[in-house]
Each structure stands twice: as C-alpha cells, then as structure tokens.
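Letter by letter, the chains look like this.
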Amino acid sequence: MIMEQRLTDEERLILKTGAFGAVFLVSNADPGMLGVIRESLAASGALADASGVVKEALTSGPLPRLPRDSQLEIESVVLPALDRAMRILREKSPADVDAYRAVVLTAADRVARAHDGVAPEEAAVIDRIRGALADPA
C-alpha cells in the first residue's frame, strides 16, 4: 500500500507554479485587456474546485514568481514545473496525480474559452501543457 506523504513548502510551490503558470501561459498566448478579467475568474473557479493535497498546495504559501518577458521564458519555467509537480505527486501522493492534471487542464481550458473561444495559439499552449502533465512513456 502506498502511503501519502506530506509535501514540503518547496514541493507545494512547484505545484502552484505549474498550475498558476499554466493559466498565465494560456492567458498570455492570446493577450487582450478585456479578456483578462473573464479569464481570471474562469481560472479561479477551476482552481477552487481542487481538493486534498492539490487544494492545500494551491491555497497555501506564497504566490509563484513567474517571468513576464516572453512566452518562451514563461514556458521555460512553467512546463518543467508541471513535469516536476507530476513526479512529486507520483512519488508522494499518487491518488492526487489525476486530480492535479484535471485541475490544471480544466483551468487552462476555461481561460482559453473565457474570451471569444479558443484561439489557435491557446490550443497550442494547452497541448504543451498536456504534454508536460502526461504520464511517462
């Protein structure tokens, strides 16, 4: 039987960086001032639906520091954080792996749909997020 292990502050921040960063990546893929508020509300609703270890990670501790200079720079932080988050959960809380993946993908999808439907750039970013959240081959 695999026992759930408590996450460290650093591990919770990695989960939060991945989740919040995924939302930021999608929002930034097709920027527009008018959609920012709708996108923020859409994402917060999805993230609020988390439970257990995932909810604890997303609602505790400091906000992640994300780069803001370019989409590539943001991706270079967020996609590895998503991959690391999945590895952490597989090791310490396997029952929460699917929940984390679902919360992140739901939030990303809601952000993309919040303003004028899903733009091709947003769909491409969501595909990269999905890849970072995939189970190892």
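Predicted model only: the values in this text are computed from it and were never measured.

Student: Explain the pattern of salt bridges here, please?
Tutor: Pairing of side chains with opposite charge becomes possible as their charged atoms draw close. Per the stated rule, a full pass over the model turns up 12 salt bridges. The partner of Glu11 in a salt bridge is Lys92, with the nearest N and O atoms 2.8 Å apart. Of this pair, Glu11 sits in helix α1 (residues 9-29) while Lys92 sits in helix α4 (residues 71-92), and the two are 81 residues apart along the sequence. The pair Glu11 / Lys92 is uniform in exposure class, with both members buried. Measuring nitrogen to oxygen at the nearest pair gives 3.7 Å for the salt bridge that ties Glu56 to Arg12. Linking Glu56 in helix α3 (residues 52-59) with Arg12 in helix α1, this pair joins segments that are 44 residues apart in sequence. The class for Glu56 is partly exposed, based on a relative accessible area of 29%.

Student: For this particular structure, what's the right way to read the nonpolar core?
Tutor: Soluble, globular proteins show a tendency: their nonpolar side chains are buried together. In this structure, Leu15, Val26, Leu82, Tyr100, Val104, Ile129 and Leu133 are the most contacted members of the largest nonpolar core, which totals 41 residues. Secondary-structure elements contributing two or more residues to this core are α1, α2 (33-48), α3, α4, α5 (97-113) and α6 (120-133). Filtering out sequence-adjacent residues up to four positions away, Ile129 remains in contact with Ala22, Val26, Leu79, Leu82, Val104, Leu105 and Ala108.

Student: Whenever I open this one, the environment of Tyr100 confuses me. Can you help?
Tutor: Tracing the sequence through the fold places Tyr100 in helix α5. Given a relative accessible area of 0%, Tyr100 falls into the buried group. Distance from Tyr100 to Leu133, taken between C-alpha atoms, is 8.9 Å for residues 33 residues apart in sequence. Those residues in contact with Tyr100 that sit more than four places away from it in its chain are Ile14, Leu15, Gly18, Ala19, Val54, Leu82, Ala85, Met86, Leu89 and Leu133.

Cut-off values and rules
Position numbers for residues count from 1 along each chain, tracking the sequence in the order it is written. Note on the predicted model: pLDDT of at least 70 is required for a residue's local features to be given, and 80 or more for side-chain atom pairs to be given and counted; whole-chain, interface and lining totals, by contrast, use all residues. Side-chain numbers here rest on the full set of heavy atoms in the structure, without hydrogens or water. Here a salt bridge means any side-chain nitrogen of Lys or Arg lying within 4 Å of a carboxyl oxygen belonging to Asp or Glu. Think of it this way: any DSSP run of H or I at least four residues long counts as a helix, any run of E at least two long counts as a strand, and we number them from the N terminus. The buried label goes to any residue with under 20% of its type's maximum accessible area, the exposed label to any with over 50%, and the partly exposed label to all in between, with areas taken from a 1.4 Å probe on protein chains only. Among buried residues, those of type Ala, Val, Leu, Ile, Met, Phe, Trp, Tyr and Cys that are joined through side-chain atoms within 4.5 Å constitute a nonpolar core. Every residue pair with non-hydrogen atoms within 4.5 Å of one another is taken to be in contact.

Shape is all these values report; function is a separate question.
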